[in-house]
Every structure is written in C-alpha cells, then in structure tokens.
Amino acid sequence: MQSSAALEYDYSVAKLYMWTMVIFGIVGMTIGVLIASQLAFPELNYLFGEYGTFSRLRPLHTNVVIYGFTISGIMMSFYYSAPRVLKVSLGELPFFNFLAKFGFLAYLIAATFMVISELMGITASKEYAQMEWPLDVAIVVYWVIWGMVMFGLIGARREKSLYISLWYYIACFLGVAMLYLFNNMEVPTYFFSGGLGAWYHSVSMYAGTNDALVQWWWGHNAVAFVFTVPIIAIIYYFLPKESGQAVYSYKLSLLSFWGLMFVYLWAGGHHLLWSTVPDWMQTMGSVFSVVLILPSWGSAINMLLTMKGEWNQLTENPLIKFMVLASTFYMLSTLEGPIQAVKSVNAIAHFTDWIPGHVHDGVLGWVAFMIFAAAMHAAPRVFKREIYSKSLLEAQFWIQTTGVVLYFTSMWIAGITQGMMWRAVDEYGNLMYSFIDTVSVLHPYYTIRAIGGLLYLIGMFMFAYNFFMTATAGRKLEQEPQFRSPMA
C-alpha cells in the first residue's frame, strides 16, 4: 500500500454517481413541476394519455427524487469523502473497487426499471415503497454491496479514528437496511395462487392497522435515514472543508447523533394520528416528535456555529451560502414537523397541503441544497478544474431560494385554509363548505406553488450546465485546493 502522503484517490465511482444525480434531479424535478401544474390546471392531466395523469406521475416524482437524485447524491458524497477521511483509496482495493462499480450498475438497472414500472402503473401501492418485489430484491442486493464496500474501506483505513460523517453513513446503512426489509415483506401472489395474476405482483404480509404501522415506521424513517442522517454526514465533511473551519463541537455532534438514533425511530406514529392505531401509540409518536427538536437543532446549531467568526464567507462564497441556508432550512423543517405532530395542530393539518409544504421546505431547502454544495465542492478536486461560473452559482442560489419560499408559504396558507374550511360548521352543526369549495379557493396558491417549483427547476438546469462545464471546460488546476473551491 502506498503512503498516505502520496495517496491519489480514485474518484471513478464518485463520478458515476455525480452524473446520475444530475440526470435524476432534472427528471424528478421536471415531473414535480408538471404535477404541481396539474393541480392548478387539471386539463394538463390529459397531455400524455394515461401516462401523464397525476396519479401515475406523483409516485414517480417522489421515487425519482428519493431513490434517484438523493441516493445518487449521498453515494457521490460517500465515495468522495469516505476514502479521504479514512486515508485509503478505492484504487488500492481491487475487490472493493469492483464491488462499488458493480453496485453502481445494479443501482442504475434497478432505478431505470423503477421509472419504467411506475410509469406503467405497476406499484405495490405503499408510500415511498411503491416498487414491486423483484425491484425490492435488487435494492437489497445493492444495499448489501454498499455496506460491504463501506466496511471494507473502514477495515483498510490508515486513519485510526472514525470521523463523525462515517458514523452517520453507517447509521444510514443500518437504518435503511432494517426498515426497508421489514416494510417490504410481501407475498408474490403468482407463486401462492396457482399461477394467477402477473408474476411481479405482490401483496403486503401485513394487513390493516399493522400494515399502516409498519408502513409509517418505514415512511417516517425514510425521511430520517435518507433525507436527514446521510445529509448531516455530508455537511459535517463539506462545510469544514469548504470554509477551513473546524467543527464547532465534536461532543455536540456525538450527542446529537445518539439523540437522533434513539428518538427518530419512534416518531413515525405521528403519521397515523386520529386513525385506528391505539391511542397510546399515537401519543408516543407525538411525544417523540417533539423531543426530536433537541438532537435536530443540536446538529443544525453545531453547523452554524462552525462558521463563528467567519460569516464574511457567506457573502464571498456561494457554496457556503448553500450550506448555511441548508442548515437553516433543516432547523425550520425540524421545528415544523414536531408542531404538525401535536394532536391539536394535526387535527387541522392532516391531509392538507401544509404537509407537502413541510416536506418540500426540507427536501428542496435542506437535502438538495446540500447535495448541490457537495457536488460543486467535489468537482474541482475530482475533475481537477476550476468551477466554471461563480455568478451562475449565485444566480442559482437566489432563484432556487425564491422558489422554495414561494412553495412553502403558498402551501402553508393553502393547508391551514383547507383545514379550517373542512372543520367549519354552521349553528346547526352542518358543514359550511363542500369539498369543491375548498378546491376552488386554493387555486391561486396552487398556481404559486407551480411557479415556485418552476423556479427551482430552472435552478436545477443552471446547476447541471455549470457542473457539466466545470467537468469539461473549467480552467485546469495545477494542484488540489486545500479549502475554498476555486471558481471563475
């Protein structure tokens, strides 16, 4: 093995995930803008026949953004940062290098078939778990491969201590492995019904309330272990590296880590408030959701305090802008979620547009902003070229920030309006509004939501262009930048 001083990192796998992240980001967000527009202008449902309806495209949008864009971004960040904090290159480990590339191929095939099957209307009809059993098997294989590569790198490391980012990546691996397996326990009907139906069709092993409980144990923790834990891993590496600042408090990072691990797992019951789930489980979900503010804000405050004394970088470096605003959105989202989990608030918020408003200020403001920042920090080191355009990054930041703000504010207003109108009764106890009354009054807010999504999509195209030009036409660098990423 070569000495760590002369170590040349192999970025071939990171590069593969970079490009899939860009492609899936464009596809997922384009579908998102289309379905947001369909809610404002229903005639758009008939553009592409059955393949263009909201009901067909909505699961595709969520799954492409989660399993396409976000997972690609996480893997890109892992394969870039993990070798660096462990001081070992994938190029030195031929078996694990092969495994990582084989895993990428398995991922690409599974993701492609996910898009095709969901476009055809073939789903298991479970939120964030729509893929049928053959794809579930492929995903489990892929996830095991990632775990083998991760622990292979850890086993071969030169750096004795495990940096905090690695803790969060390990938690992501273990959490998803456990929850995905439990929620996707399903029976392939063809093999248990004497050959009736399609070979790929399945039904859940659970039924009724049990199915709902397991589903939202997974559903909420998909948010925990895909949208939160690995994104914290990303910011704990990329913010100090870009800013040149040490993490404010290592103890706070560990305290927040264990807090998240113990609390987040049990908050999923808040998706089932006012349902047939036992009341004590609903209350437990609400309580754990409120307690979740502590470790969540612990992580976010730790990230913001890392910039203590260096706030001038916020005006000078667009990547720092992305990361600091991402931390701020993380704080906002992890306060908003627990507020919605309080039973009295949930009685108004449940099934309203406030819920997708909350999801999107988290995903667009926290998750996607961090992935953009990580990709642009890594690009000069991976491609050995300067970032193509600082002004394009600045413009992307402001356009997308405007888009997110338009999105969540319109959905806050729409959601609370819905909740109040659904509950309004006259002096005789009769409902004052029909359902269509609420739909009519929300039209302007749906239009604003679609405009916000369009602005964010424009920013995504700006990012894709900037990233492509950085990789192919940026000024060549003689040596790797130590901290701040060079940009034209």
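For every chain, the first residue of the written sequence is number 1, and numbering continues from 1 onward in sequence order. At least 70 in pLDDT is required for a residue's local features to be given in this predicted model, at least 80 for side-chain atom pairs to be given and counted, and no such filter applies to totals for whole chains, interfaces and linings, which use all residues. As a rule here, side-chain values come from all non-hydrogen atoms in the structure, and water together with hydrogens is ignored.

Trainee: In this structure, what is going on with the overall build of the chain? I would like to understand it.
Mentor: Here a strand is any run of E in DSSP of at least two residues, a helix any run of H or I of at least four, and the numbering for each starts at the N terminus. Each helix and strand in the chain was counted, giving 18 helices and 2 strands. Throughout, radius of gyration means the C-alpha value; the globule benchmark is 2.2 Å times the number of residues raised to the power 0.38. For the chain, the C-alpha radius of gyration of 23 Å lies close to 23 Å, the compact-globule estimate for 488 residues. When the backbone C-alpha atoms are referred to their principal axes, the chain occupies close to 80 × 60 × 45 Å. By the burial criterion, 56% of the 488 residues in the chain qualify as buried. Note on exposure labels: buried denotes an accessible area under 20% of the residue type's maximum, exposed denotes more than 50%, and partly exposed covers the range between, all computed with a 1.4 Å probe on protein chains only.

Trainee: How should I be thinking about the packing of aromatic side chains in this particular structure?
Mentor: Working definition: an aromatic ring pair is given by the centre-to-centre distance plus the angle between the planes. Only centres within 6.5 Å qualify two rings of Phe, Tyr or Trp (six-membered ring in Trp) as a pair; their planes then separate them into stacked at under 30 degrees, edge-to-face at over 60, and tilted for everything else. By the definition in use, this model includes 54 aromatic pairs. A ring pair is formed by phenylalanine 322 and phenylalanine 369, whose centres lie 5.0 Å apart and whose planes are at 85°; its orientation type is edge-to-face. With a gap of 47 residues between them, phenylalanine 322 in helix α13 (residues 318-341) and phenylalanine 369 in helix α15 (residues 354-383) connect regions that are remote in the sequence. Residue phenylalanine 322 is classed as buried on the basis of its relative accessible area of 0%. Residue classification places phenylalanine 369 among the buried residues on the basis of a relative accessible area of 0%. Between the aromatic rings of tyrosine 330 and tryptophan 366, the centroid separation amounts to 4.5 Å while the plane-to-plane angle is 20°, which identifies the pairing as stacked.

Trainee: Teacher, can you tell me more about the pattern of salt bridges here?
Mentor: A side chain with one charge can pair with a side chain of the opposite charge if their charged atoms come near. For this document, the term salt bridge refers to a Lys or Arg side-chain nitrogen within 4 Å of an Asp or Glu carboxyl oxygen. Tallied over the entire structure, the rule returns 9 salt bridges. Measuring nitrogen to oxygen at the nearest pair gives 3.0 Å for the salt bridge that ties arginine 56 to glutamate 50. Across the salt bridge formed by arginine 484 and glutamate 316, the nearest N and O atoms sit 3.8 Å from each other. Highlighted residues: arginine 484 in the segment after α18 (443-473) and glutamate 316 in helix α12 (residues 313-316), separated in sequence by 168 residues. Its relative accessible area of 37% is what places arginine 484 among the partly exposed residues.

Trainee: What am I meant to see in the packing of helix α9 (residues 250-264) against helix α11 (residues 293-306) here?
Mentor: To describe two helices that pack against each other, one gives the angle between their axes and the distance between the axes. Put simply, α9 and α11 touch, their axes get as near as 8 Å, and they point 150° apart. Classified by the interaxial angle, the pair formed by α9 and α11 is roughly antiparallel. Judged by the sense of rotation from one axis to the other, the crossing of α9 with α11 is left-handed. Contacts between α9 and α11 involve Leu252, Ser253, Ser256, Gly259 and Leu260 on the former and, on the latter, Pro295, Ser296, Gly298, Ser299 and Asn302. Here the term charged refers only to Asp, Glu, Lys and Arg, the term nonpolar to Ala, Val, Leu, Ile, Met, Phe, Trp, Tyr, Cys and Pro, and the term polar to all other amino acids, Gly among them. When its residues are assigned to classes, the contact of α9 with α11 shows 3 nonpolar, 7 polar and no charged. Here an axis means a line fitted to C-alpha atoms, over the contact stretch when the element is a helix, while the angle between two N-to-C directions is reported on a 0 to 180 degree scale. Roughly parallel means an angle under 35 degrees; roughly antiparallel, over 145; roughly perpendicular, 65 to 115; everything else is oblique. Crossings are classed by handedness, with left-handed meaning an anticlockwise turn of the near helix from the far one by less than a right angle and right-handed meaning a clockwise turn. Here a residue-residue contact requires only that any non-hydrogen atoms of the pair lie within 4.5 Å.

Trainee: Would you mind showing me how to read the side chain of serine 256 here?
Mentor: For serine 256, the location among the structural elements is in helix α9. Classification of serine 256 as buried rests on a relative accessible area of 2%. We define a polar contact as two N or O atoms separated by no more than 3.5 Å, with the added condition that, inside protein, one atom must be a possible hydrogen donor and the other a possible acceptor, whereas residues neighbouring each other in sequence contribute only through side-chain atom pairs. At a separation of 3.3 Å, a polar atom in the side chain of serine 256 contacts the main-chain amide nitrogen of serine 299. If sequence neighbours within four positions are ignored, serine 256 has contacts with Tyr168, Pro295, Gly298 and Ser299.

Trainee: What is the right way to look at the side chain of asparagine 97 in this model?
Mentor: For asparagine 97, the location among the structural elements is in helix α3 (residues 94-119). With relative accessibility at 11%, the residue asparagine 97 sits in the buried group. Setting aside residues no more than four positions away along its own chain, asparagine 97 makes contact with Asp10, Ser12, Val13, Leu90 and Gly91.

Trainee: Help me understand the environment of alanine 267, please; the structure alone is not making it clear to me.
Mentor: For alanine 267, the position within the fold is in the loop between α9 and α10 (279-291). Look past the residues within four positions of alanine 267 in its chain and what remains in contact with it is His220, Gly285, Phe288 and Ser289.

Trainee: Explanation requested: helix α2 (residues 54-86) in the structure shown.
Mentor: Every α-helix carries 3.6 residues per turn, so stepping three or four residues along brings you back to the same face. By definition here, a helix of n residues has an expected span of 1.5 Å times n minus one. For α2, spanning 33 residues, the distance from its first C-alpha to its last is 45 Å, which sits close to the expected 48 Å at 1.5 Å a residue. Largest kink in α2: about 30°, centred on valine 64. Along α2, 30 of the 33 residues are buried, which leaves the element largely enclosed by surrounding structure. One or two positions beyond α2, positive phi appears at lysine 87, with a value near 60°. Bend angle per residue: angle between axes fitted to the 7 residues ending at that residue and the 7 residues starting there.

Trainee: Is there a simple way to think about the nonpolar core in this case?
Mentor: A general trend in soluble globular proteins is that nonpolar side chains are found buried together. Residues belong to one nonpolar core when they are buried, are Ala, Val, Leu, Ile, Met, Phe, Trp, Tyr or Cys, and are joined through side-chain atoms within 4.5 Å. Among the nonpolar cores identified, the biggest contains 135 residues, and Tyr79, Trp146, Trp366 and Phe372 are the most heavily contacted of them. Each residue touching tryptophan 366, except ones within four places of it in the same chain, is listed here: Phe227, Thr228, Ile231, Ile232, Ile235, Met303, Ala326, Ser327, Phe329, Tyr330 and Asp361. Among the nonpolar cores identified, the runner-up in size contains 6 residues, and Ala40, Met411, Leu442 and Tyr446 belong to it.

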